[in-house]
Amino acid sequence: MSDLSTILQDSVVDAYRHRRPLQILGGNTKRFYGRQPSGGQLEVGSHTGIINYEPTELVITARAGTTLSEIETVLAQNNQMLPFEPPRFGAAATLGGTVACNLSGPRRPYAGSVRDYVLGVKLLNGKGEILHFGGEVMKNVAGYDVSRLMSGAMGTMGVLLEISLKVLPRADDECTLIMELDEALAIRQIAHYAREALPISASLYDGNRLYVRLCGTARSVGMAKLKIGGDQLPLNDSFWSRINEHTHAFFDSPQPLWRLSLAPYTAPLKLHGKWLLDWGGAQRWLLSDEPAEKIRAAAEQAGGHACLFRNGDREAEIFHPLPAKMLALHHRLKHAFDPHGILNPGRMYKEL
Amino acid sequence: MASDKNDLLNELYRLLPRDSVLHETEDLHPYECDGLSAYRKLPLVVVLPETVEQVQAILRLCYAREVPVVARGAGTGLSGGALPLENGVLLSLARFKHILEIDPDNRLARVQPGVRNLAISQACVEHNLYYAPDPSSQIACTIGGNVAENSGGVHCLKYGLTVHNINQLKVVMMDGELVTIGGGGLDSPGYDLLALMTGSEGMLGVIVEVTVKLLPIPQRAQVVLAAFDDVEKAGAAVGDIISAGVIPAGLEMMDGLAIKAAEDFVHAGYPVDAAAILLCEIDGTNEDVSEHILTVHDILKKSGAIEIRTAKDEQERLNFWKGRKAAFPAVGRISPDYYCMDGTIPRKSLPQVLKAIADMSAEYKLPVANVFHAGDGNLHPLILYDANIPGELQRTEEFGGKILELCVKVGGTITGEHGVGMEKINQMCVQFNSVELQQFHAVKAAFDEKCLLNPGKAVPTLHRCAEFGAMHVHHGEMAFPDLERF
Ligand SMILES: Cc1cc2nc3c(=O)[nH]c(=O)nc-3n(C[C@H](O)[C@H](O)[C@H](O)COP(=O)(O)OP(=O)(O)OC[C@H]3O[C@@H](n4cnc5c(N)ncnc54)[C@H](O)[C@@H]3O)c2cc1C
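Heads up: these notes are all about the structure in this document.

The rules we used
- Residues numbered from 1 in each chain as written.
- Chains lettered and ligands numbered in written order.
- Predicted model: local features only at pLDDT ≥ 70, side-chain atom pairs only at ≥ 80, totals over all residues.
- Heavy atoms only, no water.
- Phe/Tyr/Trp six-rings, centres within 6.5 Å; stacked < 30°, edge-to-face > 60°.
- Helix = DSSP H or I, 4+ residues; strand = E, 2+ residues; numbered from the N terminus.
- Buried < 20%, exposed > 50% of the residue type's maximum accessible area, 1.4 Å probe, protein only.
- Lys NZ or Arg CZ within 6 Å of the ring centre and 35° of its normal.
- Near = heavy atom within 4 Å.
- Polar contact = N/O pair within 3.5 Å; in protein donor to acceptor, adjacent residues only side chain to side chain.
- Nonpolar A, V, L, I, M, F, W, Y, C, P; charged D, E, K, R; others polar.
- 1 Å grid on protein atoms, 1.4 Å probe; cavity = no way out; pocket = protein on both sides within 12 Å on 5 of 7 lines; lining within 4 Å.
- Points joined across faces, edges and corners; volume = space filled by probe spheres on them.
- Domains from an automatic or database assignment.
- Contact = heavy atoms within 4.5 Å.
- Buried area = accessible area lost by both parts, 1.4 Å probe.
- Salt bridge = Lys/Arg side-chain N within 4 Å of Asp/Glu carboxyl O.
- Disulfide = S-S within 2.5 Å.
- Pairing = 2+ DSSP bridges.
- Axes fitted to C-alpha atoms, helices over the stretch in contact; angles between N-to-C directions.

Brief notes about the packing of aromatic side chains
Residues and elements named next belong to chain A. One pass over the structure, following the stated rule, counts 20 aromatic pairs over all chains. Centroid distance F251 to W285: 5.7 Å. Interplanar angle 80 degrees. Geometry classified as edge-to-face. With F251 in the loop between α9 (239-244) and β14 (257-261) and W285 in strand β16 (residues 283-287), the pair connects residues that are 34 residues apart, well separated along the chain. Across the pair, W285 and F251 agree in class, each one buried. Members of the aromatic cluster, each reached through a chain of ring pairs, are F32, Y33, F89, F250, F251, W285, F309, F319 and Y349. Across from the ring centre of W279, 5.6 Å away, lies the NZ or CZ of R108, which sits over that ring. Sitting over the face of the ring of W240, R213 holds its NZ or CZ atom 5.3 Å from the ring centroid.

Brief notes about the site of the ligand
Residue and element names in this part refer to chain B. Around the ligand, the surrounding shell holds 33 residues, and the nearest of these are A71, G73, T76, S137 and T142. G73 is positioned with one of its backbone polar atoms (N or O) 2.7 Å from an oxygen atom of the ligand. A distance of 2.8 Å separates an oxygen atom of the ligand from a polar side-chain atom of N146. Sorting the residues of the shell around the ligand by element identifies β3 (69-72), α5 (143-149) and β10 (206-213) as the ones contributing at least two each. Take the shell around the ligand: its biggest share by element is five residues, from α5. Across the shell around the ligand, the residue classes tally to 12 nonpolar, 17 polar and four charged.

Details of empty space enclosed by the protein
All chains considered together, the criterion is met by five cavities of 30 Å³ or more. Empty space within the largest cavity amounts to approximately 590 Å³. Along its surface, the largest cavity is lined by 45 residues, and C101(A), N102(A), R259(A), D187(B) and S188(B) are the ones closest to its centre. Among the secondary structure elements, those contributing two or more residues to the lining of the largest cavity are α5 (114-117), α9, β16 and β17 (305-310) of chain A together with β8 (166-172) of chain B. Residue contributions to the lining of the largest cavity peak at three residues, all from β17(A). For the lining of the largest cavity, a count of residues per class yields 20 nonpolar, 17 polar and eight charged. Split by domain, the lining of the largest cavity shows at least three residues from each of two domains, domain 1 (3-169 + 328-337) and domain 2 (172-310) of chain A. Taken as a whole, the second largest cavity encloses approximately 350 Å³ of empty space. Lining the second largest cavity are 25 residues, with I24(A), L25(A), G26(A), G97(A) and A100(A) sitting closest to its centre.

Observations regarding the interface of chain A and chain B
On the side of chain B, 87 residues touch chain A, which itself brings 71 residues to the contact. Interface area, chain A with chain B, both sides summed: about 6600 Å², of which 59% is carbon and sulfur. In this structure, the connection of chain A to chain B is made through seven salt bridges. D105(B) is paired through a salt bridge with R195(A); the nearest N and O atoms lie 3.6 Å apart.

Description of the state of the cysteines
The full count for this structure, using the stated rule, is one disulfide over all chains. Between the sulfur of C429(B) and that of C465(B) lies a disulfide, 2.0 Å long from S to S. Handedness of the C429(B)-C465(B) disulfide follows from its S-S torsion of about -80 degrees: it is left-handed. Here the residue C429(B) occupies a position in helix α15 (residues 428-431), and C465(B) occupies one in helix α17 (residues 462-468), the gap between them amounting to 36 residues. In this pair, the class of C429(B) matches that of C465(B), namely buried. For C175(A), which is in no disulfide, the shortest distance to another cysteine sulfur is to C215(A) and amounts to 9.3 Å. When its relative accessible area of 5% is taken as the criterion, C175(A) is described as buried.

Quick look at the pattern of salt bridges
Residue and element names in this part refer to chain B. Summed over all chains, the structure comprises 40 salt bridges over all chains. The salt bridge involving E209 is made with K170; its shortest N-O contact spans 3.8 Å. One end of the pair, E209, is in strand β10; the other, K170, is in strand β8, and 39 residues separate them in sequence. Look at K170 and you get partly exposed, because its relative accessible area is 23%. Residues participating in the shared-partner salt-bridge network are E101, R110, K170 and E209.

Looking at the sheet that holds strand β5 (residues 99-103) of chain B
Residues and elements named next belong to chain B. Taking strand neighbours across the sheet as the criterion, the five strands line up as β5-β6-β10-β8-β9 in an open arrangement whose pairing is antiparallel. Either end of the sheet is taken by a strand with one partner, and the two such strands are β5 and β9 (178-182). Between one strand axis and the next, the sheet turns by 15 degrees as a mean value, whatever way the strands run. Two strands pair when backbone bridges link them, and β8 and β10 are joined in this way by six bridges, in the antiparallel orientation. From the neighbouring strand, L169 faces β10, where its bridge partner is V210. Each of β5, β6 (108-111) and β10 touches helix α4 (residues 117-124); the most contacted strand, β5, lies at about 45 degrees to it.

Geometry only, nothing functional implied.
Structure below.
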């Protein structure tokens, strides 16, 4: 538990004065993600500690360097959880990095993403000013929603210092069902379940089998089991964690790993490679050597976007290119927070 | 001025059919205020476009001529957000009424901004789907207004606010350019502009299309009504339910005055001698509802409820809610005027804040009826007053301001869902310090560098804050240490 706000502020003020770029570092577990960082290191990983946690308020506030593992342990002691089931990609993963990358796990389509649970932040902008937005209450519409704007901005508009999140109780019971299906049928089946108000908390298709995870009271999980059918995954199987952490055999490949974000009901895309459909079809992993332009065009045509999540050329654009008008708006917004462009420059888009 | 107006009218007539431009005083009156009728102003002209191209053309024209623009949905806003500007164009989205597409397989509906909130759910019933956020004004308010205010409703405790329930927006920027924000999937590349637009009170762009997420209609919903002889006990029961690991679909509270007003108005069957009632709705699968309703029943008994009723059928459930949803108009019947506040506080401060409001009510000699989204700590104290009594509105506003400042002091916010608009502009100086406000202005400038969209609302100038002389009480920091006094 240590508060490094002043030291971090001094560093940013100094960098602002001298127009020196900074790369913001938490637990260094997501260095593979986004474009290659450059600039002097600003270490936020030692700015740690849970500042406020009141289970009855369903809110936790912690410094950005606090590890996910510490936060999730404390929540579990109170039978609560981070509903967005964040991947860690390493033991040192911090809360700040998780919010900056907006990374959510298998529960995302049914419970929401990191940004959905962000209630407030304290941040350093690119001038070294410490600012608070949002707070610790569930509803707050005073001023623009800067807290959520910071989620997924990859630290390009502010250094996150503290974050308040909404948390939820854990469900009593859980169980995963497996059935063998072809891809088109699996996509239809997931859509069908989603319209039935079943207690589903994850669904995934691995190319042969559909996995459906149920969460709820013991009785409602029991009823849903009967309704859906299929085989049951052993309770102690770490399947979902291996998927979430990319330690599942599917991810064991040096090939470029693409993440396609699509409307869940999108028909299978005609791109060569190995597919894994998570988030009920809304997040599709693709291991493929197809050219980036082809993958992006296919995703775009289907109304979605594609990101080169891992491997491949990290100097090129990683995230889906923005239309010119949008990119210009992003520039102006970045400039509004970071006028000298010193915060994680180029980490998200080359010119941002 | 007059010739400016004529020039503008002539140009507007070139872009729009005759009946889409209003400028005679009697035609302007219906637009002079929103739901906060204490603030009124006539706009220079009202335009009623029907197509996105027309909206683009209007904004292009106003951008070139530097004429300010205020967007308007149904005008049910409670903070003066859609209050016109004398020298400005009021842009009504009332003619954008079409549901463009329902996609049941992706559980999405693409609609025009002037579609009423409730109309979306009604159109989706046949697919067993609905749109979750349900402001009490849902029969009238528009989805565009909901996005602009990030509106909530009695069910947002479990299902979230507008920001959690939309996928994509089409927005016309002040210079007339059309941009798409968000996308078909669950996220989109770049910054989260969808979150930034939501709740931005018409300051960043004009929303011309909204894609909302739909949810399956729950198998079952059940509501429990619990009566208490003491408001604080009711407040404590709210925390007890949440800490038992139950997330109700809705958890609402009304105090004695609100109960009586609602009962007189819609005959919901409320216990009129109770000091407070809680309405706790559980929804989900049959099994989950059966189990959680028992848990809630037990908790309420232990928390000292004097009466607990479970709605015996759908009719009674709707009746219980009818009283709550009609609470504002019901209070409107017992007082010439009322003023609705919207602070949010941590739930644990509920008893303390309610007590302080009661004390201030006695001090200001103005009765208060309390209606609120207790589950999320979002208060709606309704201050009863009579605008015809000289000075009473002023006293009411001062009292209201004190309530909001108290909300900030206990770690809450001045507005949970109604927005800042014109109304809470001074209290923004209490909640935010000068660098934070400057950051907001910089965000606005990134979208609207000439500051023509709804200028003067939502974010106060530093000058205004200095004149208001507010103490910035957030996190114990000093107000405007770096600002000269004027
Ligand atoms: C009886 C009553 C009960 C209410 N209950 C609730 C409640 O339970 N929860 C809640 O959250 N609110 C509630 N409200 C407040 C109000 O209904 C909401 O704020 C609603 O979202 C406003 O929608 P509208 O269409 O009337 O918007 P308007 O009042 O017309 O406008 C509101 C703001 O949005 C902007 N705007 C409108 N349309 C657009 C657009 N297309 N593009 C850009 N900006 C736009 C306007 O400029 C203005 O700033 C209640 C109001 C009343 C009168």
